[in-house]
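Chain by chain, the residues:
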Amino acid sequence: MGVNSVQSGEALPLQGSGILWDPVRDATAMIPLFKVAMSETAPDLVGDVLRSGYIGQGAKVDEFEARLRERIGNPRVVTVNSATSALHLALHLLRGVAAGDGREQLRDGDEVLTTALTCTATNWPILANRLRPVWVDADPETCNLDLDDLERKLTLTTRAIVVVHWGGYPLDLDRLATVLDRAEARLGFRPVVIEDCAHAWGSTYRDAPLGNHGNICAYSFQAIKHLTCGDGGLLVLPDDDLYARAKLLRWYGIDREKPGRNDFRCEDDIPEYGFKFHMNDINAATGLANLGIIDSVVGRHQANASFYDDALAGVDGLRLLERAADRRSAFWIYTVKVDRRDDFMRAMQAAGISVSRVHERNDIHSAVSEFTAPLPQLDELVGEMVCFPVGWWVTDEQRQYIVDTIRAGW
Ligand SMILES: *Cc1c(COP(=O)(O)O)cnc(C)c1O
């Protein structure tokens, strides 16, 4: 397959990109949907940490958080060891927080409105916190949750909402806030919103990165996400109280910043138990190295997506998703809706192009059978949607080949 062979001297995004890659493997493999964006500087930076005698949460984590603070533009950032931990901690933090009606924001058995079209990592923390997921239907124009259905399902038992920015395309956060204003007037309290930003490093809504719109946000630095630490995650908090508590509860509830302890191995009184969710310096050094390439990584995803948007508009049997002018997706994945989707997938795979729906809908798993609800829009959407390669590794030649393959029909 000529399109997959790597020619020397060709203007590839891979060559000279500053990103580690394997020319032999890449020359023979299918065009992949995912690839690890690991900076060439990472082995040295991580090696320094490995040789330093200190690999726990230390100076590298502090430095990584300082850089993330600048990048997001919100000072209240708390690194953790995965987005799953971040989401678990976010829900846990809402216990012990007073809501407008005087009771705790979250208690056992409370309902959390959420989307089923996502990674299980979005929803299993709801179960782990002894809360009840209430599925909101999908918006077929975006793959995000449908705000009309969300508003219909908001009741006195709805204490929190989890949203996902599918593929990095931001949910309409202003419209969500308006829905919540109405709910607050009606219910006497305001459900808290947690944004799962795992797909969305580099996305913006009204020119600001996600993490600046008044909600709790969780980012993922897992292996194949835009910005990788190997594994890692980030909580971005909307207020100082949640920020202070998140820092304590990510590590057993112990205050690491408290000066002048008598015996540094023995902690002071712990008023509230916490978890072992903190990031270590090995992962932070990996993340710091990859901050050096992240803008070109995201930029190339976006450039490839624009190329597809132009080249595929009007193709028979294929529909693009919404593109609103007030937000910018980081295009972790590129999703379209197609007629005869399974035929489309077979044709692409036969041509050496990896395709996938990426996430199975969560509501069909036995683990959540008691929460089943009709989701007619999602039923239709999962029969039409598919993702094909858009990432930084997709060359000019490959993206043209992908477009030509699609235009040739399926
Ligand atoms: C990857 C992913 C997560 C989980 O991230 P981890 O850092 O692996 O825990 C959560 N939500 C979504 C939508 C994801 O794609």
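Rules used in this analysis
Residues numbered from 1 in each chain as written. Predicted model: local features only at pLDDT ≥ 70, side-chain atom pairs only at ≥ 80, totals over all residues. Heavy atoms only, no water. Helix = DSSP H or I, 4+ residues; strand = E, 2+ residues; numbered from the N terminus. Salt bridge = Lys/Arg side-chain N within 4 Å of Asp/Glu carboxyl O. Buried < 20%, exposed > 50% of the residue type's maximum accessible area, 1.4 Å probe, protein only. Near = heavy atom within 4 Å. Polar contact = N/O pair within 3.5 Å; in protein donor to acceptor, adjacent residues only side chain to side chain. Areas by Shrake-Rupley, 256 points an atom, 1.4 Å probe, with all protein chains shown as cover. Nonpolar A, V, L, I, M, F, W, Y, C, P; charged D, E, K, R; others polar. Core = buried A, V, L, I, M, F, W, Y, C linked by side-chain atoms within 4.5 Å. Domains from an automatic or database assignment.

S.K.: Where do I start with unusual backbone geometry in this structure?
M.R.: Generally, phi is negative for residues other than glycine and the peptide bonds are trans, each holding for most cases. A positive phi angle is found at Arg340, which is not glycine, with a value near 45°. Here Arg340 shows up in the loop between β12 (334-338) and α11 (341-350). Located in the positive-phi region is Val358, a residue other than glycine, with phi close to 70°. Examined against the element boundaries, Val358 turns out to sit in the loop between α11 and α12 (376-381).

S.K.: Before we go on, may I ask you to explain the pattern of salt bridges in this structure?
M.R.: A side chain with one charge can pair with a side chain of the opposite charge if their charged atoms come near. The tally for this structure, following the rule as stated, stands at 37 salt bridges. Residue Glu370 is joined to Arg132 by a salt bridge in which the shortest nitrogen-to-oxygen separation is 3.7 Å. Taken together, the residues span a long stretch of sequence, with Glu370 in the loop between α11 and α12 and Arg132 in strand β3 (residues 132-136) at a distance of 238 residues. With relative accessibility at 59%, the residue Glu370 sits in the exposed group. Residue Asp343 pairs with Arg346 through a salt bridge whose shortest N-O separation is 2.9 Å.

S.K.: Help me out: how do you make sense of the site of the ligand in this one?
M.R.: The local shell around the ligand holds 15 residues, among which Ala83, Thr84, Asp196, Ser220 and Lys225 are the closest. Within the side chain of His359, a nitrogen or oxygen atom sits 3.5 Å from an oxygen atom of the ligand. Compared with its free state, where it exposes 390 Å², the ligand has 92% of that area covered by protein. Of all the elements in the fold, those that place two or more residues in the shell around the ligand are α4 (83-93) and α5 (120-128). Considering only residue class, the shell around the ligand consists of 4 nonpolar, 9 polar and 2 charged.

S.K.: I tried to follow the nonpolar core on my own but got confused; where do I start?
M.R.: Taken as a class, soluble globular proteins show a tendency for nonpolar side chains to be buried jointly. Judged by nonpolar contacts, the single largest core of 74 residues is most densely connected at Phe64, Trp201, Phe221 and Phe388. Looking at which element gives the most residues to this core, the answer is helix α10 (residues 294-312), with 7 residues. Residue assignment places this core across two domains, with domain 1 (3-38 + 295-407) and domain 2 (42-291) each supplying three or more. Listed in part, the 27 residues of the second largest apolar core include Val78, Leu93, Val192 and Phe277.

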